[in-house]
Amino acid sequence: MKFSELSFLHRSSRSFNLQLFSEERSEPATPRKRRKTREEGKTAKSQDLGAAVVILAGLVMIFILFRWWFFWIASLVENCALFMAGDQIGREGWVLALGKDALKTFFYVWMPLGFFGGLVGLGISVYQVGFFLASKPLIPDFKRMNPISGMKKIVSLRSLVELCKGVVKAGLLLLMVYLALKNELEGMSHAIAYPLFQGVPLVVETIWWLALKMALLLLVLGIFDYAYQRWEFERSIRMSKKEIKDEYKQMEGDPKVKQRIRQRQREMARQRMMSEVPKADVVVTNPTTYAIALQYDRSIMDAPVVVAKGRGLIARKIREIAEECGIPIVENPPLARTLYDIGDLGLEIPESLYKAVAEVLAFVYKMKRK
C-alpha cells in the first residue's frame, strides 16, 4: 500500500473518531437545558427520602402528643361506655350525638398529625426540587399510552435498578423486624399476663421503638437513594458539544445571520449619512484618504457639526456628492485626520478644533463672496 493511501486512511479514521466524540454526551447541562427540563417536570427527587422523613416526623409527633391523644381517646371510650350503659341508646338521635363526639375526637387527635405530616412532606419536596409549579406534566400526552415505549421503560436499566433497590429495602426491613421481634418476643408474651394498664404501654412502647428503628433505616436508604437520583439526573441531562453549539445559536442567533444584520445596519447608517452631505457647508479632505463634511448654522448651532465622515471608498463617495452639490472641498490633511479621529458623527466638533475649523469656514465664506 502506498504512503498516500495510508495517510488518507489515517485522516479518515481520525475525522470519524472526532465526529463520534462530538456527539458524546460528556458536557454538563447548560442553565437553559436545566430550565427546560424543570419546566417539563423532570427533577432529581427521591420518594424514599420523602416517605422516610414524613414517617420519622410522624413518630416524633406521636411521642410528643401521646398524652394529649390518650386523654381524648380515653374520654371518647368513657363517653361511649356511659352512653351504652344508660338508656340513651334507644332514644332518637343517639347515633348523631355519638357521631359528633367521635368526629370531634378524631379531629383533635389526627388533625395535628396530618397537618404536621403534610407540612414536613411539603418541606422535604421543596428541599429536593425547590419551589416550582410546572404545568406541562398536567397536559395529556397520548404518546405515553404507546405500549412499545412502555415496554422499553419496563426493561430499561433504570427499572432494573429500581427493582434491585426495592428488593434490598424490603430485605433490610424484614431483617430488622425479625431481629426486633426475636429480642422482644419474650417480653411481649409476658405482657399478655400483665394487667391492662401495664401490658398495653409495654406493647405500645415496643412497637414504637421498632417503628422508629425502621424509620431511621428508611431515612438512611432515602439519603443514598437521593444521592443516586441526583447522579442519575445529572447524567441523563448531559449534552454533547454539538448540542451546546446549537443551543448557543438558538439563543444568540446564527453568527452569519448576525453578521448580515450588522452589515445591513452599517449600510443603512451609511445611506443616512450620505443623505446629510448635501446639507454641509464644507468638506475637509486628506485629500484622498479622509473626508469630513461640516455644517454650521449660527442661528441654531453653537459650533460646526460633523454630518458625515469616512475613509477610503466612503471618503470618495462624500467628495463625489459634494462636487455634485457644489459644496466647497478644502484640502487640510492634519485637520481632516484629527476630525476623523476625535469628531463624533452628528455632534459638534471639539472645542480644541474651533480655531482651525473657523479658519476653514472663513476661507469658504470668502470664496463664496467672491
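Above this text you will find the structure in question.
Keep in mind the model is a prediction, meaning the values are calculated, not measured.

Peer 1: Could you give an account of the sheet that holds strand S2 (residues 290-295), with specific residues and numbers?
Peer 2: In spatial order, the strands read S3-S2-S1-S4; together these 4 strands make up an open sheet with mixed pairing. Since the sheet does not close on itself, it has two edges, and those belong to strand S3 (305-311) and strand S4 (329-331), each with one partner. On average, each strand axis in the sheet is tilted by 20° relative to the strand beside it, whichever way the strands run. Sheet topology note: the strand S1 (residues 282-285)/S2 ladder contains 4 bridges and is antiparallel. In the strand pairing of S2, Val 284 is matched with Ile 292. Against the sheet, helix H11 (residues 313-325) contacts S1, S2, S3 and S4, and its axis sits at roughly 125° relative to S3. Across the sheet, helix H13 (residues 354-369) lies against S1, S2 and S4, angled at about 125° from S1, the strand it touches most.

Peer 1: Residues and numbers for helix H3 (residues 47-64), please.
Peer 2: Taking 1.5 Å of rise per residue, the 18 residues of H3 would be expected to cover 26 Å, and the 26 Å separating its terminal C-alpha atoms lies within 8% of that figure. Along H3, the residues classified as buried are Leu 49, Gly 50, Ala 52, Val 53, Leu 56, Ala 57, Gly 58, Leu 59 and Met 61.

Peer 1: Run through the packing of aromatic side chains, naming residues and quoting values.
Peer 2: With the rule as written, the count across this model stands at 3 aromatic pairs. Relative to Phe 107, the ring of Phe 106 has its centre 5.9 Å away and its plane inclined at 80°; by these criteria the two rings are edge-to-face. A relative accessible area of 39% means that Phe 107 is categorised as partly exposed. Between the aromatic rings of Tyr 228 and Trp 231, the centroid separation amounts to 6.1 Å while the plane-to-plane angle is 35°, which identifies the pairing as tilted. Of this pair, Tyr 228 and Trp 231 are both found in helix H8 (residues 196-236), 3 residues apart, which corresponds to roughly one turn of the helix. Note that Lys 309 overlies the ring of Tyr 340, its terminal NZ or CZ placed 5.3 Å from the centroid.

Cut-off values and rules
- Residues numbered from 1 in each chain as written.
- Predicted model: local features only at pLDDT ≥ 70, side-chain atom pairs only at ≥ 80, totals over all residues.
- Heavy atoms only, no water.
- Pairing = 2+ DSSP bridges.
- Helix = DSSP H or I, 4+ residues; strand = E, 2+ residues; numbered from the N terminus.
- Axes fitted to C-alpha atoms, helices over the stretch in contact; angles between N-to-C directions.
- Contact = heavy atoms within 4.5 Å.
- Expected span 1.5 Å × (residues − 1).
- Buried < 20%, exposed > 50% of the residue type's maximum accessible area, 1.4 Å probe, protein only.
- Phe/Tyr/Trp six-rings, centres within 6.5 Å; stacked < 30°, edge-to-face > 60°.
- Lys NZ or Arg CZ within 6 Å of the ring centre and 35° of its normal.

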